[in-house]
Amino acid sequence: MDSVHAGFWLLGLVALASLIGAWWRYRDGRVRESDGQRVKLTDTELSDWGEHATLVQFSTEMCSRCPGTRRFLRQVAAEYEGVIATEIDLTHRADLASEYGILQTPTVFIVDGYGRVQATVAGVPKADSFRTTLSDIVRRPRDDYAI
């Protein structure tokens, strides 16, 4: 292979890596609606549920972005009545990561008052869209997502 072909291959690999990075960055922190899967956490993971919503953060011991996300979620939960924030460390609970398809930390579930996942965020939540989604869930009549 001559240097021209090698240069084209190198340029192609750089372009591909850039596209993957741009896609990952676009996807990271976006709030996505969920299918309403019921969260099955035991008392050891979560001792209290919020009346209107629970913000469940899945993290690990080595997650560098998790402490900032924890502070953000606690701040947001304090802004709403009946909303609490909690954190589950997946370091010793890999079974939960498998069960809920968690591929990165932090991952946040917005769980309604009935224990159903209404939205998920992979990565650090984008503040505006996160608050908008949470407001919609909190203001939604409970009959709209009743069992």
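Residues numbered from 1 in each chain as written. Predicted model: local features only at pLDDT ≥ 70, side-chain atom pairs only at ≥ 80, totals over all residues. Heavy atoms only, no water.

**Student:** Describe the overall build of the protein, and please don't skip the residues or the numbers.
**Tutor:** Of regular secondary structure, the protein possesses four helices and five strands. Start at the N end of the protein and walk to the C end: the helices and strands fall as α-β-β-α-β-α-β-β-α. For the protein, buried positions account for 37% of its 147 residues. Carbon and sulfur atoms make up 55% of the accessible area of the protein, which amounts to about 8,900 Å² in all. (Helix = DSSP H or I, 4+ residues; strand = E, 2+ residues; numbered from the N terminus. Buried < 20%, exposed > 50% of the residue type's maximum accessible area, 1.4 Å probe, protein only. Areas by Shrake-Rupley, 256 points an atom, 1.4 Å probe, with all protein chains shown as cover.)

**Student:** Which residues make up the pattern of salt bridges, and what are the values?
**Tutor:** Scanning all chains against the criterion turns up three salt bridges. Among the ionic pairs, Arg70 bridges to Glu87, the shortest N-O distance being 2.4 Å. Note that Arg70 is positioned in helix H2 (residues 66-78) and Glu87 in strand E3 (residues 83-89), a separation of 17 residues in sequence. Judged by its relative accessible area of 25%, Arg70 falls in the partly exposed class. By relative accessible area, Glu87 is classed as partly exposed at 26%. The partner of Glu79 in a salt bridge is Arg131, with the nearest N and O atoms 2.9 Å apart. Placement of the pair is Glu79 in the loop between H2 and E3 and Arg131 in helix H4 (residues 127-139), with a sequence separation of 52 residues. The exposure class assigned to Glu79 is partly exposed, which follows from its relative accessible area of 41%. For Arg131, a relative accessible area of 22% corresponds to the partly exposed category. (Salt bridge = Lys/Arg side-chain N within 4 Å of Asp/Glu carboxyl O.)

**Student:** Break down the nonpolar core for me, with residues and values.
**Tutor:** Core analysis: the biggest nonpolar cluster contains 16 residues, and Leu55, Val76, Val83, Ile110, Phe130 and Leu134 have the highest contact counts within it. Those elements giving two or more residues to this core turn out to be strand E2 (53-59), H2, strand E4 (107-112), strand E5 (117-122) and H4. Among residues more than four places away in sequence, those in contact with Phe130 are Val31, Leu55, Phe72, Leu73, Val76, Val108, Ile110, Val121 and Pro125. The next biggest cluster of nonpolar side chains, apart from the first, holds twelve residues, and it includes Ile88, Leu96, Ala97 and Tyr100. (Core = buried A, V, L, I, M, F, W, Y, C linked by side-chain atoms within 4.5 Å. Contact = heavy atoms within 4.5 Å.)

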